Amino acid sequence: MNASFMTVCSQVFTPRGIAGWCAKGLPFLLAIFVCAGNVQTKAAGSALFLAGACFIGSAQESASGSVSVKVDVQPSELRSQPAGANWLSYNGDYTGRRFSSLDQINTENVQNLRAQWVFHVPNSDNLEVTPFVVDGLMIVTSANDAYALDGQTGRSIWHYSRPITEGLIDDASQHHNRGVAMLHSRAYMETDNAHLLCLDARSGHLIWDVAYTDGNKNYGATSAPLVVNGKVIVGTSGGDDGVRGFVAAYDAETGKLAWRFWTIPGPGEFGSSSWPGEIYKHGGGTTWMPGTFDPGLNTLYWGTSNPSPDFDGGPRPGDDLYTDCVLALDPDTGKLKWYFQFTPHDLFDYDATETPMLVDAEYQGQPRKLLVEANRNGFLYVLDRTDGQFLSATPFVEKLNWAKGIDSKGRPIRTEVQPTAEGTRVCPGFAGATNWYSPSYNPALGLVYFFALEDCDVYLRKPQEFKEGRTYYSTGVRHSSGDHGQKILLAFALDSTKPVWRYVQTGGAHSSAGTMTTAGGLVFFGDTGQSLEAVDGRSGKALWHFNMGQAIHASPMTYAVNKKQYVAIAAGSDIFSFGLP
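Residues numbered from 1 in each chain as written. Predicted model: local features only at pLDDT ≥ 70, side-chain atom pairs only at ≥ 80, totals over all residues. Heavy atoms only, no water.

> What is the right way to read the nonpolar core from this model?
Inside soluble globular proteins, nonpolar side chains tend to come together where they are buried. Within the largest apolar cluster, 54 residues are counted, with the highest numbers of intra-cluster contacts made by I139, M182, Y188 and L300. Counting residues per element, this core draws most heavily on strand β13 (residues 246-251), at 5 residues. Counting 46 residues, the second largest nonpolar core, distinct from the first, contains V397, Y441, F450 and Y473. (Core = buried A, V, L, I, M, F, W, Y, C linked by side-chain atoms within 4.5 Å. Buried < 20%, exposed > 50% of the residue type's maximum accessible area, 1.4 Å probe, protein only. Helix = DSSP H or I, 4+ residues; strand = E, 2+ residues; numbered from the N terminus.)

Structure, rendered in structure tokens:
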């Protein structure tokens, strides 16, 4: 150690020196640790202790300026739209549009966006969560764990944990979790085995725990709940595993069941002709993604998955209600108002769990309350959400052979393509023309953004009997030789028959990342090259990207703390937050 360095260290190792360097912040504090590591004296040990105290105090002081001590999400805040400084649900607000009014980050300055912090989640390498943010407090989930973070610094505030559930199958066995919902000071999350948990958002302490299935291990849960009118709305996974789907509502205060809507009709109910004998108990139609809500119409919109068994329609003749549907439900009673079925008698696993976006806009010359959904079957649908009236369906992929089109009533005009024992090439393939990854809508530009997947698979059919603890596909798919998957970011106007622009993806990584759009004129999304990207929402021009070094299976969101806008996304096993310098 040279003389000048010794002089600096001697000045550090005094009470006045410690206080002075503390005031200068973290970079200067690091010098104390360097000195202490090189000068083995009692003074050095004392300095190290004081520096640690200074560092902790500094972090606490910083945190207190960015995270609200009081957490109290009001029902009026949940109804407000669009999302602003807070991101109060999986999709930001009730509309499902993933549009934010924040514009500090815009097309002119997005190239200056920089990583602000990274939080590592130790128990997952494949996060699918969208962060929830209120007054600077961020909550993220992974498997059966929840983490509260300082949205400005990424500092951990509390952590709730419970073991993953053994013996689950299919999607549930991957222990994915997409986030929380909140009302007042309570946070709600689903577990891998379909329990609804209520946590104190200020401490992470468990308040109550309700199992909302019968314990059948073919059930699971992978979604984020939705809080509506004092109730927590939940669904399940397991549509490929022979369970009976449902949407359920629980009292947000007590955890008591308020209502349950079964998506597979029981004997004697409307639509039960598709479910003879005991097959209704295994009909699928699960509800594994959060829905949307219109407070003005007091209507909840929730998507349902494919029928079960997936590829053998013999045991389930007819349309197979209410699979592959969007359901319009009364959130207070669970009563069905109307339904629209995108793919009657589905033989291809074309779940309709894609987000039903609620858009108020002029359509075909008149103002309408619309429901817009880019469906897994390859068509972009526009419905009147007041009554479910079909307005249009536009194909958005070129590889589409299961249907010739959609008729004037909204029913597909089917071809003869279907799974066979020998195998049949079906387009779109098993992953769908799009999937659960989030779409978005920018009202200022009048454009819908979503990912399309051009691909096909060979579908095979072999009848099987249902057994608990096993999947119920009857039978499966394999890759179609000569077909190569291609992902494309599309922008559609509501009344257009062709994309306004296309952004073809070139990376080779698998991605289930979705989109988010802002008043700054941007569209953020995770690409297939392991990067978070931003493009001009009007033109699709690429403006910025950041290589995450991990596959992205989540959708971006944005929030603000102390008037500074951030953009956050989960990638691999980490939460990243970005902001301007």
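Okay, back to it.
> Please explain the side chain of D349 as it appears in this structure.
Relative to the helices and strands, D349 is located in the loop between β18 (336-341) and β19 (357-363). By relative accessible area, D349 is classed as buried at 2%. Once residues lying within four places of it in the same chain are set aside, the contact partners of D349 are D240, N306, D310, F311, R376 and F430. (Contact = heavy atoms within 4.5 Å.)

> In this structure, what is going on with the sheet that holds strand β12 (residues 231-234)? I would like to understand it.
Sheets are built from strands paired through backbone hydrogen bonds, the pairs being either parallel or antiparallel. Pairing within the open sheet is antiparallel, and its 4 strands lie in the order β11-β12-β13-β14. Unpaired on one side and paired on the other, β11 (226-228) and β14 (257-262) mark the two borders of the sheet. This sheet shows a mean twist of 20 degrees between the axes of neighbouring strands, independent of strand direction. Strand direction decides the pairing type here: β13 and β14, joined by 5 bridges, are antiparallel. Across the sheet, the residue bridging to Y250 is L257, located in β14. (Pairing = 2+ DSSP bridges. Axes fitted to C-alpha atoms, helices over the stretch in contact; angles between N-to-C directions.)

> Sorry, what's going on with the pattern of salt bridges here?
Two side chains bearing opposite charge may form a pair once their charged atoms approach each other closely. According to the stated counting rule, one finds 15 salt bridges in the structure shown. The partner of R385 in a salt bridge is D294, and the shortest N-O contact between them spans 2.8 Å. One end of the pair, R385, is in the loop between β21 (379-384) and β22 (389-395); the other, D294, is in strand β15 (residues 292-294), with 91 residues separating them in the sequence. The same class applies to R385 and to D294, which are both buried. Salt bridges sharing common partners tie together D294, D360, K369 and R385. (Salt bridge = Lys/Arg side-chain N within 4 Å of Asp/Glu carboxyl O.)

> Can you help me understand the state of the cysteines in this one?
By definition, a disulfide links two cysteine residues through a covalent bond between their sulfur atoms. Taken as a whole, this structure holds 1 disulfide when the rule is applied. Here C427 pairs with C456 through a disulfide, and the sulfurs are 2.0 Å apart. The sign of the 105 degrees torsion about the S-S bond sets the C427-C456 disulfide as right-handed. Linking C427 in the loop between β25 (424-426) and β26 (440-442) with C456 in the loop between β27 (447-454) and β28 (457-460), this pair joins segments that are 29 residues apart in sequence. Each member of the pair, C427 as well as C456, is classed as buried. (Disulfide = S-S within 2.5 Å.)

> Help me understand the side chain of T323, please; the structure alone is not making it clear to me.
Secondary-structure assignment places T323 in the loop between β16 (299-303) and β17 (325-329). Note on T323: relative accessible area 0%, which makes it buried. A polar side-chain atom of T323 sits 2.6 Å from the main-chain carbonyl oxygen of D320. Once residues lying within four places of it in the same chain are set aside, the contact partners of T323 are I264, W275, G283, G285, T304, S305, N306, P307 and Q341. (Polar contact = N/O pair within 3.5 Å; in protein donor to acceptor, adjacent residues only side chain to side chain.)

> I tried to follow the packing of aromatic side chains on my own but got confused; where do I start?
Each aromatic ring pair is summarised here by two numbers: the centre-to-centre distance and the angle between the ring planes. If you walk through the whole model with that rule in mind, you get 35 aromatic pairs. Their ring planes at 90 degrees and their centres at 6.3 Å tell us that Y212 and F246 sit as a pair that is edge-to-face. Pair noted here: Y212 is in the loop between β10 (206-211) and β11 and F246 is in strand β13, with a separation of 34 residues, a long-range link. This pair shows no difference in class: Y212 is buried, exactly as F246 is. Seen from their ring centres, F379 and W402 are 6.5 Å apart, and the 85 degrees between their planes marks the pair as edge-to-face. Taken together, the positions of F379 in strand β21 and W402 in the loop between β22 and β23 (403-406) put the pair 23 residues apart, joining distant regions of the chain. Given a relative accessible area of 3%, F379 falls into the buried group. Residue W402 is classed as buried on the basis of its relative accessible area of 0%. Connected via pairs of aromatic rings, a cluster forms that spans F311, F340, F342, F348, Y350, F379, Y381, F390, W402, F430, Y459 and Y473. The ring of W436 carries the charged tip of R178 above its face, separated from the ring centre by 4.1 Å. A cation sits over an aromatic face here: K487 above F451, 5.3 Å from the ring centre. (Phe/Tyr/Trp six-rings, centres within 6.5 Å; stacked < 30°, edge-to-face > 60°. Lys NZ or Arg CZ within 6 Å of the ring centre and 35° of its normal.)

> What am I meant to see in the environment of S408 here?
Take S408: it is sitting in the loop between β23 and β24 (412-414). Spatially, the C-alpha atom of S408 lies 7.9 Å from that of F390, the residues being 18 residues apart in sequence.

> Mind showing me how you'd approach empty space enclosed by the protein here?
It is a probe the size of a water molecule, rolled over the atoms, that shows where empty space is left. One pass over the structure, following the stated rule, counts 2 cavities of 30 Å³ or more. Its boundaries defined by the atoms lining it, the largest cavity holds a volume of some 60 Å³. As for the largest cavity, its lining consists of L78, L88, S89, G92, D93, Y94, A181, M182, P225, L226 and V227. Among the secondary structure elements, those contributing two or more residues to the lining of the largest cavity are β7 (181-183) and β11. Classifying every residue of the lining of the largest cavity by side-chain character gives 8 nonpolar, 2 polar and 1 charged. (1 Å grid on protein atoms, 1.4 Å probe; cavity = no way out; pocket = protein on both sides within 12 Å on 5 of 7 lines; lining within 4 Å. Points joined across faces, edges and corners; volume = space filled by probe spheres on them. Nonpolar A, V, L, I, M, F, W, Y, C, P; charged D, E, K, R; others polar.)

> Explain the pairing of strand β9 (residues 195-200) to me, please; I cannot follow it from the model alone.
Along a regular strand, successive side chains alternate from one face of the sheet to the other. With 6 of its 6 residues buried, β9 lies for the most part within the structure. Because side chains alternate across β9, one face comprises the buried residues H195, L197 and L199, and the other comprises L196, C198 and D200, equally buried. Here strand β8 (residues 186-190) folds back onto β9 in antiparallel fashion, the turn holding 4 residues, of which A194 has a positive phi close to 65 degrees. Bridge analysis of β9 against β10 gives 5 bridges, and the strand direction is antiparallel. By the bridge assignment for β10, C198 is matched with W208. With antiparallel pairing between neighbouring strands as the criterion, β9 and β10 make up a hairpin whose turn holds 5 residues, including G204 at a positive phi of roughly 85 degrees.

> What is the right way to read the pairing of β18 from this model?
Alignment of β17 against β18, held across 5 bridges, turns out to be antiparallel. Within β18, the residue paired with L329 across the bridge is L336. The hairpin formed by β17 and β18 contains 6 residues between the paired strands, and G334 there has a positive phi angle of roughly 80 degrees.

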